[in-house]
Amino acid sequence: MKKIIICAILICVISGLYCENTSVVMVGNKVVFESDVRMKMKEENKDYEEALRDVVIEKMLLFQAENEGIVVSLDELTLEIERIKKRFPDEVSFYKALEADNIPYSIFVKTVEEKIKVRNIIKKNVVDKIEITTPEIAAKMKELKEKGNYYYRFRLKWFDSESSAQEFINAFDNTKETDMGEEGILSREEIMSEVLSEIEKLSPGKLSGPIKIGNRYLVVFLKDVRHEEVNSYQQLYLNARMTLQNMKFEEKFNNYLKELHSKIPVFYCD
């Protein structure tokens, strides 16, 4: 799913466990603790290797943001903290949640600040460099007009090897559906092309085979498909632009991560 990497980076920061424990990775001058990985597994229903990878990416982006002098203004920080507080019935509930998770308020604020730095470095070096031309939009609008639009309801699960993905598929039944991620709905233009080509082969209630994405494998359980005609010029324009934006973001973001991997040292602790 196209938004997987972005959703992993911009997760809610208030849940977690603040404690000193074993370090597992050094990313530049940033330490990844075992608790960071365990909490990522809990928050996003991921296995250890996948959670570790996501935390390393977050630390890498934070390291680069600080290297480039990305700073967070007081207004930015205050606005984000207030946005998070609004998820709770009242301010008392918010502070009780921090206390229940053993998170000092100062650590909460520092974590929010780091998430904003990551968001800003992505905007600076990826989002702001995406260019979409009028001819590209026109061509995509024509394509979408001819196809109409499909909305897919599904669950998915990531694996580190094709064999583990195939093992899950072979043992799958309806009772194992909840072992996959949360149910989601995406339109055709929001789904990676290699994933879409496999989903289009499925009937509702069926699993895909292992889909290779980078060096990992994805299995999709298709729940339902809905087709809608797209007739509004404005909707066609918005859909076309969003499709192109997602495609270009994915390519630029992955290239940016490769660039960071090549220059930021990552040491795994024994």
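Rules and cut-offs
- Residues numbered from 1 in each chain as written.
- Predicted model: local features only at pLDDT ≥ 70, side-chain atom pairs only at ≥ 80, totals over all residues.
- Heavy atoms only, no water.
- Pairing = 2+ DSSP bridges.
- Helix = DSSP H or I, 4+ residues; strand = E, 2+ residues; numbered from the N terminus.
- Axes fitted to C-alpha atoms, helices over the stretch in contact; angles between N-to-C directions.
- Contact = heavy atoms within 4.5 Å.
- Core = buried A, V, L, I, M, F, W, Y, C linked by side-chain atoms within 4.5 Å.
- Buried < 20%, exposed > 50% of the residue type's maximum accessible area, 1.4 Å probe, protein only.
- Expected span 1.5 Å × (residues − 1).
- Polar contact = N/O pair within 3.5 Å; in protein donor to acceptor, adjacent residues only side chain to side chain.
- Phe/Tyr/Trp six-rings, centres within 6.5 Å; stacked < 30°, edge-to-face > 60°.
- Salt bridge = Lys/Arg side-chain N within 4 Å of Asp/Glu carboxyl O.

1. Digging into the sheet that holds strand β2 (residues 30–33)
Here comes step 1: Spatially, three strands are ordered β2-β1-β7 in an open sheet, and the strand pairing comes out antiparallel. Both outer strands of the open sheet, β2 and β7 (266–268), are each paired with one neighbouring strand and no more. Each strand axis lies, on average, 20° off the axis of its neighbour in the sheet, ignoring direction.
Here comes step 2: Strand direction decides the pairing type here: strand β1 (residues 23–27) and β7, joined by three bridges, are antiparallel. Residue pairing in the sheet places methionine 26 in a bridge with phenylalanine 267 of β7.
Here comes step 3: The sheet strands contacting helix α2 (residues 34–44) are β1 and β2, and the helix crosses β2 at an angle near 60°.

2. Quick word on the nonpolar core
Here comes step 1: Counting residues in each nonpolar core, the largest one holds 34 residues, and the members touching the most others are Val32, Leu61 and Ile122.
Here comes step 2: When residues of this core are traced back to their parent elements, those giving at least two are β1, α3 (48–67), α6 (105–125), α7 (134–147) and α10 (233–263).
Here comes step 3: The element best represented in this core is α3, accounting for ten residues.
Here comes step 4: The residues touching valine 32, leaving out its near neighbours within four places in the chain, are Thr22, Ser23, Val24, Val25, Val27, Val37, Leu52, Val55 and Lys59.
Here comes step 5: Core analysis: the second largest hydrophobic core is formed by 16 residues, Tyr152, Trp158, Val195 and Ile213 among them.

3. Details of α10
Here comes step 1: The end-to-end C-alpha distance of α10, which contains 31 residues, comes to 45 Å, matching closely the 45 Å that a straight helix rising 1.5 Å per residue would cover.
Here comes step 2: Taken as a whole, α10 has its buried residues at Leu236, Asn239, Ala240, Thr243, Leu244, Asn246, Lys248, Phe249, Phe253, Tyr256, Leu257 and Leu260.
Here comes step 3: One side-chain oxygen at the N-terminal end of α10 lies 3.3 Å from the backbone nitrogen of glutamine 234; it belongs to serine 232.

4. Notes on the sheet that holds strand β5 (residues 211–213)
Here comes step 1: Strand order in the open sheet made by the four strands is β4-β3-β6-β5, with antiparallel pairing throughout. At either end of the open sheet lies a strand with only one pairing partner, and these are β4 (184–187) and β5. Sheet twist, expressed as the average angle between the axes of neighbouring strands with direction ignored, equals 45°.
Here comes step 2: When strand β3 (residues 149–159) meets strand β6 (residues 216–228), the two strands line up antiparallel, connected through eleven bridges. Pairing of arginine 155 across the sheet is with phenylalanine 221, part of β6.

5. So, the side chain of asparagine 125
Here comes step 1: Locating asparagine 125 in the fold gives a position in helix α6.
Here comes step 2: The exposure class of asparagine 125 is buried, given its relative accessible area of 14%.
Here comes step 3: Among the polar contacts made by the side chain of asparagine 125, one reaches the side chain of tyrosine 256 at a distance of 2.8 Å.
Here comes step 4: Every residue in contact with asparagine 125, bar those within four places of it in the chain, is listed here: Glu68 and Tyr256.

6. Re the packing of aromatic side chains
Here comes step 1: Under the criterion given, the structure shown has ten aromatic pairs.
Here comes step 2: With a centroid separation of 5.8 Å and an interplanar angle of 40°, the aromatic rings of tyrosine 105 and phenylalanine 108 are classed as tilted. Note that tyrosine 105 and phenylalanine 108 are positioned in helix α6 at a spacing of three residues, about one turn of the helix.
Here comes step 3: Tyrosine 105 gets classed as partly exposed once you look at its relative accessible area, which sits at 33%.
Here comes step 4: With 5.4 Å between their ring centres and 10° between their planes, phenylalanine 249 and phenylalanine 253 make a pair best called stacked. Of this pair, phenylalanine 249 and phenylalanine 253 both sit in helix α10, four residues apart, which is roughly one turn of that helix.

7. A look at the pattern of salt bridges
Here comes step 1: Under the criterion given, the structure shown has 22 salt bridges.
Here comes step 2: Across the pair arginine 53 and aspartate 54 runs a salt bridge whose closest N-O atoms are separated by 3.5 Å.
Here comes step 3: Judged by relative accessible area, arginine 53 falls into the partly exposed class, the value being 35%.
Here comes step 4: Owing to a relative accessible area of 8%, aspartate 54 belongs among the buried residues under this scheme.
Here comes step 5: Of the charged contacts in the structure, one is a salt bridge between arginine 83 and glutamate 80, with a shortest N-O distance of 2.4 Å. Pair noted here: arginine 83 and glutamate 80 are both in helix α4 (residues 74–85), with a separation of three residues, about one helical turn.
Here comes step 6: By sharing partners, the salt bridges in this structure join Arg153, Arg155, Glu177, Glu183 and Lys223 into a single network.

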